[in-house]
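Each chain, written out:
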Protein chains: 2
Amino acid sequence: MDKTAAIFKEFLKGRGLKFTPERKAVLREVFSLHRHFDAETLYQELYRKKVRISRASVYRTLPLLVKSGLIAETLRCQGKTSYEHIYGHGHHDHMLCIGCGKVIEFRSEKIEKLQNEICRRHGFKPVEHRLGIKGYCRECQRKIKMKKKLPLDSAE
Amino acid sequence: MDKTAAIFKEFLKGRGLKFTPERKAVLREVFSLHRHFDAETLYQELYRKKVRISRASVYRTLPLLVKSGLIAETLRCQGKTSYEHIYGHGHHDHMLCIGCGKVIEFRSEKIEKLQNEICRRHGFKPVEHRLGIKGYCRECQRKIKMKKKLPLDSAE
DNA sequence: ATTGAAAATGAGAATAAATCGCAATTAAAA
DNA sequence: TTTTAATTGCGATTTATTCTCATTTTCAAT
Ligand SMILES: [Mn+2]
Ligand SMILES: [Mn+2]
Ligand SMILES: [Zn+2]
Ligand SMILES: [Zn+2]
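Residues numbered from 1 in each chain as written. Chains lettered and ligands numbered in written order. Predicted model: local features only at pLDDT ≥ 70, side-chain atom pairs only at ≥ 80, totals over all residues. Heavy atoms only, no water.

A.B. asks: Tell me about the sheet that holds strand E3 (residues 82–85) of chain A, and name the residues and values.
C.D. replies: Residue and element names in this part refer to chain A. Overall, antiparallel pairing links the three strands, which are arranged E1-E3-E2 in an open sheet. Only two strands of the sheet have a single partner each, and these edge strands are strand E1 (37–38) and strand E2 (71–73). In this sheet, E3 lies alongside E1 in antiparallel orientation, the contact comprising two bridges. In the strand pairing of E3, Asp-38 is matched with Ser-82. (Pairing = 2+ DSSP bridges. Helix = DSSP H or I, 4+ residues; strand = E, 2+ residues; numbered from the N terminus.)

Dropping the structure here:
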């Protein structure tokens, strides 16, 4: 049925691992979300939906999904390891707004090519890469400008 | 005397903070190291040198050094936040060998330009970025090839 | 020099993410 | 079915980092 399930199942079988209901549930939830997420969030979301599987299983399943190539870790935003699904989505990089936390995704063929080129020059065989640009989105830049116009005070 | 000390002092003064002996010691150690490092390593190194300052002070000082622009966080390798000094060193990106942990530094003007270009297109104002490429260095590739030549067994 | 207020320190407790140990359960190949 | 290795949940544990707070220190103003 589900292509992702088929892929995951296949991946597991290849390693003598089992396609358990818990793993199925995590997979399902992962692909129902359309944002970046972390283990705890996923656990909570499942809990809310009355899918009672343990945190441990969530923590144990996510790395498997990464290895299977269905999801990937994203830039670590604040302490927690976060993920995004990759399947049917393709590789991309991120801009992260320092002001509001917004995430902008982008992909540059040129940058990807240059990276490979550089790796080649160093005899380095790239497996994955992550590019994250922190800064301010349009809206936050506007907000900041307005604040500066105002007369006084500014803690922080 | 020391330019970095002058900068840090200036930075601190500007915020009503104090240039204490503890902060001086951390700064000194940071610039004596020439590799990436984490808080605990720095603490241990200071301890070894009989500089008795608390972990808490190390943990408190590093973020200040980051804000001052003298050092920066690097790609998180394994759980710990790691840093490198930036002053007098210039921005660069990293390749990280999955096999042996080696770090290769590089800088590509072209990639930097492309990044800025893309940010402009998105109305995004970049503040800092991090590009990390994980993969295998020359030596580790060789090792892997040899292993494959051997007849049997391979856990993991 | 003295003083005083604000900031910093050290020591250990507290927190939070992630991992682990283990007894009980379960998937799935034979 | 049976069998066996894999998996689960639970709580305990680990590890990095932050926090608390009583005491000490800095530094600018007297
Ligand atoms: Mn993304
Ligand atoms: Mn570096
Ligand atoms: Zn924003
Ligand atoms: Zn290597």
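A.B. asks: Describe the coordination of the zinc ion (ligand 3), with residues and values.
C.D. replies: All names here are of chain A. Within the protein, the atoms that donate to the zinc ion (ligand 3) are Cys-97 (SG), Cys-100 (SG), Cys-137 (SG) and Cys-140 (SG), at distances of 2.2 to 2.4 Å. One way to put it: the four donor atoms around the zinc ion (ligand 3) meet at angles of 102 to 116 degrees, and that makes the site tetrahedral. Mapped onto the polypeptide sequence, the residues donating to the zinc ion (ligand 3) form the spacing pattern C-x2-C-x36-C-x2-C. The exposure class of Cys-97 is buried, given its relative accessible area of 4%. Here Cys-100 falls in the partly exposed class, since its relative accessible area comes to 42%. (Donors = N, O, S within 2.8 Å, 3.2 Å for Na, K, Ca; no water. Tetrahedral: all angles 85-135°; square planar, octahedral: opposite > 155°, others 65-115°. Buried < 20%, exposed > 50% of the residue type's maximum accessible area, 1.4 Å probe, protein only.)

A.B. asks: Account for the protein's contact with DNA strand D, with residues named and values stated.
C.D. replies: Around DNA strand D, a shell composed of 21 residues is seen, among which Arg-23, Ser-54 and Ser-57 of chain A together with Lys-18 and Lys-80 of chain B lie nearest. For DNA strand D, the backbone makes up 71% of the atoms found within 4 Å of the protein, where backbone means sugar plus phosphate. Between DNA strand D and Arg-23 of chain A, the relevant distance is 2.3 Å, taken from a phosphate oxygen to a side-chain nitrogen or oxygen of the residue. One of the side-chain nitrogen or oxygen atoms of Lys-18 of chain B is found 2.7 Å away from a base oxygen of DNA strand D. Put simply, the parts of the chain that give the surface near DNA strand D at least two residues each are helix H2 (21–32) and helix H4 (55–68) of chain A together with helix H4 (55–67) of chain B. (Near = heavy atom within 4 Å. Polar contact = N/O pair within 3.5 Å; in protein donor to acceptor, adjacent residues only side chain to side chain.)

A.B. asks: Please provide a residue-by-residue account of the coordination of the zinc ion (ligand 4), values included.
C.D. replies: Residue and element names in this part refer to chain B. Distances from the zinc ion (ligand 4) to its protein donors, Cys-97 (SG), Cys-100 (SG), Cys-137 (SG) and Cys-140 (SG), fall within 2.2 to 2.4 Å. Metal-centred angles of 101 to 117 degrees between the four donor atoms at the zinc ion (ligand 4) mark the site as tetrahedral. Counting gaps between the donor residues of the zinc ion (ligand 4) yields the pattern C-x2-C-x36-C-x2-C. Remark: Cys-137 occurs in the loop between strand E6 (125–136) and helix H6 (138–149) and Cys-100 occurs in the loop between strand E4 (93–97) and strand E5 (103–106); sequence separation between them is 37 residues. You can call Cys-137 buried: its relative accessible area is 2%.

A.B. asks: Give a description of the nonpolar core that names residues and reports values.
C.D. replies: Met-95, Phe-124 and Ile-133 of chain A together with Met-95, Phe-124 and Ile-133 of chain B are the most contacted members of the largest nonpolar core, which has 26 residues in total. Contributions of two or more residues to this core are made by strand E4 (93–97), strand E5 (103–106), helix H5 (109–121) and strand E6 (125–136) of chain A together with E4, E5, helix H5 (109–121) and E6 of chain B. (Core = buried A, V, L, I, M, F, W, Y, C linked by side-chain atoms within 4.5 Å.)

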